[in-house]
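Okay, here's what each chain looks like letter by letter:
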Amino acid sequence: GESVGLHLPTLSVQEGDNSIINCAYSNSASDYFIWYKQESGKGPQFIIDIRSNMDKRQGQRVTVLLNKTVKHLSLQIAATQPGDSAVYFCAENGAAGNKLTFGGGTRVLVKP
Amino acid sequence: GAVVSQHPSRVICKSGTSVKIECRSLDFQATTMFWYRQFPKQSLMLMATSNEGSKATYEQGVEKDKFLINHASLTLSTLTVTSAHPEDSSFYICSARGWGGEGAFFGQGTRLTVV
């Protein structure tokens, strides 16, 4: 069935370095993708989104890359800060209406 | 981004009682609202999708009589956990999407503990 999965469950990164979080999806009909950040005990926070007619989109310190050929999505965080420590989820909007399917999540730990 | 407010943030109830959780979109009209459940260190599991003025669509395995969803207006959806049991203890999160369908913004979540 449809699924969105992540390659790495935990990512440790030195403060100031760049972080890359990867996500694989299986539904080739998905046309919209979102990255979320979730801190402990809180709801997911929208970070950045991208439509399938794009392969790159940039925000403030974040960049999302979409490779439809291999069905891969990544989130790059520049100059990672302690406040970036959280769990990051990718989500896809597939063919089944406008509901989102979430990946398993990657925990990012920023070391001072 | 858009603001979605969820209330309460934390609730403790006794077994057998019912609990209502509210989800409001504060600065946009939410044509669709979603309810998720999240267990510790796990991803979000979609429970149901609700569109304003119509019955909610429940995911497979989710008991619609136990998790009552009402989406009476374009800014408010409620989830009622009926006859709660300890196994219903979880983190419940709502999200909302507007007319354009862009983005899906989440509430702060509700930590439900059934004792």
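Sequence positions are assigned chain by chain, starting from 1 and proceeding in written order. Chain labels run from A onward and ligand labels from 1 onward, assigned in the order the entries are written. Residue-level local features of this predicted model are given only where pLDDT is at least 70; pairs of side-chain atoms are given and counted only at 80 or more, and the full residue set underlies all totals for whole chains, interfaces and linings. To obtain the side-chain values, all non-hydrogen atoms of the structure were used and water was disregarded.

A. Representation of the overall build of chain B in the model. Runs of E in the DSSP output that reach at least two residues are strands. Runs of H or I that reach at least four are helices, and both are numbered from the N terminus. From N to C terminus, chain B includes zero helices and 11 strands. Ordered by position from the N terminus, the helices and strands of chain B form the series β-β-β-β-β-β-β-β-β-β-β. Based on the C-alpha atoms only, the size of chain B along its principal axes is roughly 40 × 25 × 20 Å. Within chain B, the proportion of its 115 residues that are buried is 53%. Any two residues whose heavy atoms approach within 4.5 Å are treated as being in contact. For chain B, the share of sequence-separated contacts (at least 6 apart) that also reach a separation of at least 24 residues comes to 55%. Only the protein chains shown count as cover for residues, with accessible areas throughout obtained via the Shrake-Rupley method and a probe of 1.4 Å. Surface accessibility of chain B: about 5,600 Å² in total, with carbon and sulfur atoms responsible for 52%. Think of it this way: Lys and Arg go in the positive column, Asp and Glu in the negative one, and His and the chain ends go nowhere. We put the charge of a Lys on NZ, of an Arg on CZ, of an Asp on CG and of a Glu on CD. Of the side-chain charges in chain B, 11 are positive and 9 negative, and the distance between the mean point of each set is 7 Å. The buried label goes to any residue with under 20% of its type's maximum accessible area, the exposed label to any with over 50%, and the partly exposed label to all in between, with areas taken from a 1.4 Å probe on protein chains only.

B. Broad picture of the state of the cysteines. When two cysteine sulfur atoms lie within 2.5 Å, the pair is treated as a disulfide. Counting across every chain of the model gives two disulfides over all chains. What pairs with Cys23 of chain A in a disulfide is Cys90 of chain A, and their sulfur atoms sit 1.8 Å apart. One disulfide, between Cys23 of chain A and Cys90 of chain A, carries an S-S torsion of 50° and so falls in the right-handed class. Of this pair, Cys23 of chain A sits in strand E3 (residues 19–25) while Cys90 of chain A sits in strand E9 (residues 86–93), placing them 67 residues apart in sequence. Cysteine Cys13 of chain B remains unbridged, with the sulfur of Cys94 of chain B as its closest cysteine sulfur at 18 Å. By relative accessible area, Cys13 of chain B is classed as buried at 8%.

C. Summary view of the interface of chain A and chain B. Tallying the contact residues gives 19 residues for chain A and 21 residues for chain B. Think of a salt bridge as a Lys or Arg side-chain nitrogen and an Asp or Glu carboxyl oxygen that are within 4 Å of each other. At the boundary of chain A with chain B, the tally comes to one salt bridge. The shortest N-O distance in the salt bridge between Lys99 of chain A and Glu59 of chain B comes to 2.9 Å. A 3.5 Å cut-off defines polar contacts: any pair of N or O atoms within that distance qualifies, except that in protein one atom must be a possible hydrogen donor and the other a possible acceptor, and neighbouring residues in sequence count only when both atoms are side-chain atoms. The interface formed by chain A and chain B holds six residue pairs in polar contact (both at pLDDT 80 or more) in total.

D. The packing of aromatic side chains, seen in detail. Note on aromatic pairs: the rings of Phe, Tyr and Trp (six-membered ring only in Trp) are paired at centre separations within 6.5 Å, and the planes decide the class, stacked below 30 degrees, edge-to-face beyond 60, tilted for the rest. Overall, the coordinates contain 11 aromatic pairs over all chains when judged by the stated rule. Note on Tyr36 of chain B and Phe106 of chain B: the rings are 5.5 Å apart at their centroids and 45° apart in plane angle, and the pair reads as tilted. With Tyr36 of chain B in strand E4 (residues 32–38) and Phe106 of chain B in strand E10 (residues 105–106), this pair connects stretches of sequence that are 70 residues apart. On the accessibility criterion, Tyr36 of chain B (1% relative accessible area) is buried. Note on Phe106 of chain B: relative accessible area 9%, which makes it buried. Pairwise contacts between aromatic rings join Tyr36, Phe46, Phe89 and Phe102 of chain A together with Phe28, Tyr36, Phe105 and Phe106 of chain B into one cluster. Only Lys NZ and Arg CZ are tested; either one counts as a charge over a ring when it is within 6 Å of the ring centre and within 35 degrees of the ring normal. Positioned over the ring face of Tyr32 of chain A is Arg51 of chain A, at 4.5 Å from the centre of the ring.

These figures come from the coordinates and say nothing about function on their own.
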